[in-house]
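One-letter residues, chain by chain:
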Amino acid sequence: MGWVTPLGADVSSVWSKLLSGASAMVPITLFEADTFATNFAAEVRSFELSDFIDSEAARHEKASRGTKFALAAAAQAWVQSGLGTKTGEATHAGLDPERVGVYLGAGEGAPYHHELLTSAMHAYDTESRKPDETSFLREFASMLPPEDYEQEPHMAVARVAAQFGARGPALNCMTACAASTQSVGEAAEILRRGDADVMIAGGAHSMIHPLGMTGFIRLTAMSTRTDDPKTASRPFNRTRDGFVMGEGAGIITLETLEHAQARGANILAEVAGYGSSADAYRITDIQPDGAGGAFCMRQALKQAGINPLEPDASGRPPVQYISAHGTGTKENDSIETRGVKSVFGAQAPRIGFSSVKSMMGHLIQAAGAVELITCVKAIETGWLPPTINLDEADPECDLDYVPNEGRESNGGVEVAISNGFGFGGQNDSICVRRFEA
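All values reported here derive from a predicted model rather than from experimental measurement.

## Comments concerning the sheet that holds strand β8 (residues 198-206)
If you walk across this open sheet you meet the five strands as β1-β9-β8-β4-β7, and the pairing is mixed. Pairing within the sheet leaves two strands with one partner each, and these edge strands are β1 (2-4) and β7 (170-172). Mean inter-strand twist for the sheet, computed between neighbouring axes without regard to direction, equals 10°. The sheet strands contacting helix α3 (residues 65-81) are β1, β4 (100-106), β8 and β9 (247-255), and the helix crosses β9 at an angle near 35°. Of the strands in this sheet, β1, β8 and β9 are in contact with helix α13 (residues 367-381), which crosses β9 at around 60°.

Set out below in structure tokens:
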């Protein structure tokens, strides 16, 4: 597995930062944001694609920021898997390129703000107070040389596939903040039905740009705590006022058990179950009772053969950690809490249930895969990452959110769930557990 996050790009060091409660929130430097209601974010700093894929980085010079994040995270996962080198060559002799696929939840690509906004201003007729569309298109086309334009979101999948020689199933979903959770779940289903041996799955996104920030500001979905950005992301806190924008990528390599064992792979965890649902409610509102999120959690647990209401064999809750969607909006946190209570009943208060968005912001379409990696690290280390900035309890949020400090799980972590919920009503959950040979 591999990631690029606002806290860094090395899995081990970023995991240590998460356990220590580090915050990546800073004033925005990617564009001039001083006059924006939210002028801070969690940016990926000091990123160079050449640090991850060597001389091959030159071929991706014109790729979007999010696509470069995807390539870097995929290179880490590819190398750690033992399937190949970071320049893309396969090192496993039995690897069939036509049985290697890519499934991403990737963003909308390069926004070309200067060209777009300049053309729009010049095309506006102040007398009629209407835009001249022909003038806009003509000027925009002249400012954007065709050789520099990539039709996104397909290019993230295309570039990752080309970099690693993956000629099998190639798909992308843009289901908002649930996208990379869905991409991993659907990639696992492709493996289960026998259409591939290996899937490169996850997501990448960067929306720290004028249009991305403006859209969420107009939705009043982001924190405006400009006086202290590091405490702005406060999931489950009574004083929470919205999420903080982040960016990055999370990629994992999935294999069928037979393929992994045949080559002696170091198996990190098992994708035991996947659930997906739609709220079918409102575009930007969640079902108030949390039924959509509860349904996909139940589906993931059902596929994993786990009864959410019964303790495990050692008397612990059936799931020891839940990586919350936990955005820090008033609606999400209380409704997700209701959903977890609905699924786990009396077991719910015994489960560690935290949000790493409090530390690295909301990576939008990359969030789910990054947070799934934290579940695998919790299984590997037995430690739970905290929800920082949780110093004032919300009566509606009364579960164990691992407040402010990471802690060791009593008895370790055998099973974990990662939740990803998105605008439009998309809900996805993945259940991962420790692999026992």
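So that's the structure; there's more coming.
## Points about helix α8 (residues 210-218)
Buried within α8 we find Gly212, Met213 and Phe216. Summarising the axial view, the buried residues of α8 lie within an arc of 90°, below the 170-degree limit, and thus occupy one face. Here the buried face of α8 lies against β3 (40-41). The first or second residue beyond α8 is Thr220, which carries a positive phi of 55°.

## Thoughts on the nonpolar core
Membership of the largest hydrophobic core comes to 49 residues, with the highest contact counts inside it found for Leu18, Met199, Leu254 and Val432. Going through the elements one at a time, α1 (11-19), α7 (179-192), β8, β9, β10 (270-278), α12 (357-360), α13 and β16 (426-433) are the ones with two or more residues in this core. Element by element, the count of residues in this core is highest for α13, at eight residues. Other than its neighbours up to four places away in sequence, Val432 contacts Glu270, Val271, Ala272, Leu372, Cys375, Ile379, Glu414, Val415 and Ala416. Ala72, Leu95, Val160 and Ala249 belong to the second largest nonpolar core, which has 34 residues in total.

## Quick word on the packing of α1 against α13
Working note: a packed helix pair is described by the angle between its axes plus the distance between those axes. Direction vectors running N to C along α1 and α13 enclose 85°, while the axes themselves pass 11 Å from each other. Relative to α13, the element α1 lies roughly perpendicular. For the pair formed by α1 and α13, the contact residues are Val11, Ser12, Trp15 and Leu18 on the first element and Ile373, Thr374, Lys377, Ala378 and Thr381 on the second. The class makeup of the residues in the contact of α1 with α13 is five nonpolar, three polar and one charged.

## Let's talk about a negative patch on the surface
Taken together, the side chains of Asp125, Glu127, Asp132 and Glu133 define an acidic patch exposed on the protein surface. Considering the arrangement of structural elements, one finds Glu127 in the loop between β5 (124-125) and β6 (130-131).

## Let's talk about unusual backbone geometry
A positive phi angle, near 55°, is found at Ser46, a position not held by glycine. Within the element layout of this structure, Ser46 appears in the loop between β3 and α2 (50-53). Residue Ser46 is classed as exposed on the basis of its relative accessible area of 75%. With a phi close to 55°, Arg129 is a non-glycine residue in the positive phi region. Of note, Arg129 is situated in the loop between β5 and β6.

## Some points on the pairing of β8
Counting buried positions along β8 gives nine out of nine residues, so the element sits mostly inside the fold. What you see with β8 is no split at all: Val198, Ile200, Gly202, Ala204 and Ser206 on one side and Met199, Ala201, Gly203 and His205 on the other are buried throughout. Strand direction decides the pairing type here: β4 and β8, joined by seven bridges, are parallel. Opposite Val102, over in β8, you have Ile200 as the bridge partner.

## Examining the packing of aromatic side chains
Counted under the stated rule, the structure contains ten aromatic pairs. With a centroid separation of 5.7 Å and an interplanar angle of 5°, the aromatic rings of Phe136 and Phe140 are classed as stacked. Linking Phe136 with Phe140, this pair stays in helix α5 (residues 133-143), spanning four residues, or about one helical turn. Considering the side-chain rings of Phe216 and Phe423, the 6.1 Å spacing of their centres and the 40° angle between planes classify their relative orientation as tilted. Of this pair, Phe216 sits in helix α8 while Phe423 is found in the loop between β15 (415-422) and β16, placing the two residues 207 residues apart along the sequence. Judged by relative accessible area, Phe216 falls into the buried class, the value being 10%. Within the aromatic cluster, the residues linked to one another by ring pairs are Phe47, Phe52 and Phe69.

The rules we used
Residues numbered from 1 in each chain as written. Predicted model: local features only at pLDDT ≥ 70, side-chain atom pairs only at ≥ 80, totals over all residues. Heavy atoms only, no water. Pairing = 2+ DSSP bridges. Helix = DSSP H or I, 4+ residues; strand = E, 2+ residues; numbered from the N terminus. Axes fitted to C-alpha atoms, helices over the stretch in contact; angles between N-to-C directions. Contact = heavy atoms within 4.5 Å. Buried < 20%, exposed > 50% of the residue type's maximum accessible area, 1.4 Å probe, protein only. Arc of directions from axis to C-beta. Core = buried A, V, L, I, M, F, W, Y, C linked by side-chain atoms within 4.5 Å. Parallel < 35°, antiparallel > 145°, perpendicular 65-115°, else oblique. Nonpolar A, V, L, I, M, F, W, Y, C, P; charged D, E, K, R; others polar. Patch = residues over 30% accessible without salt bridge, like charges linked within 9 Å, V, L, I, M, F, W, Y side chains within 5 Å. Areas by Shrake-Rupley, 256 points an atom, 1.4 Å probe, with all protein chains shown as cover. Salt bridge = Lys/Arg side-chain N within 4 Å of Asp/Glu carboxyl O. Lys, Arg positive; Asp, Glu negative; His and termini not counted. Charge placed at Lys NZ, Arg CZ, Asp CG, Glu CD. Phe/Tyr/Trp six-rings, centres within 6.5 Å; stacked < 30°, edge-to-face > 60°.

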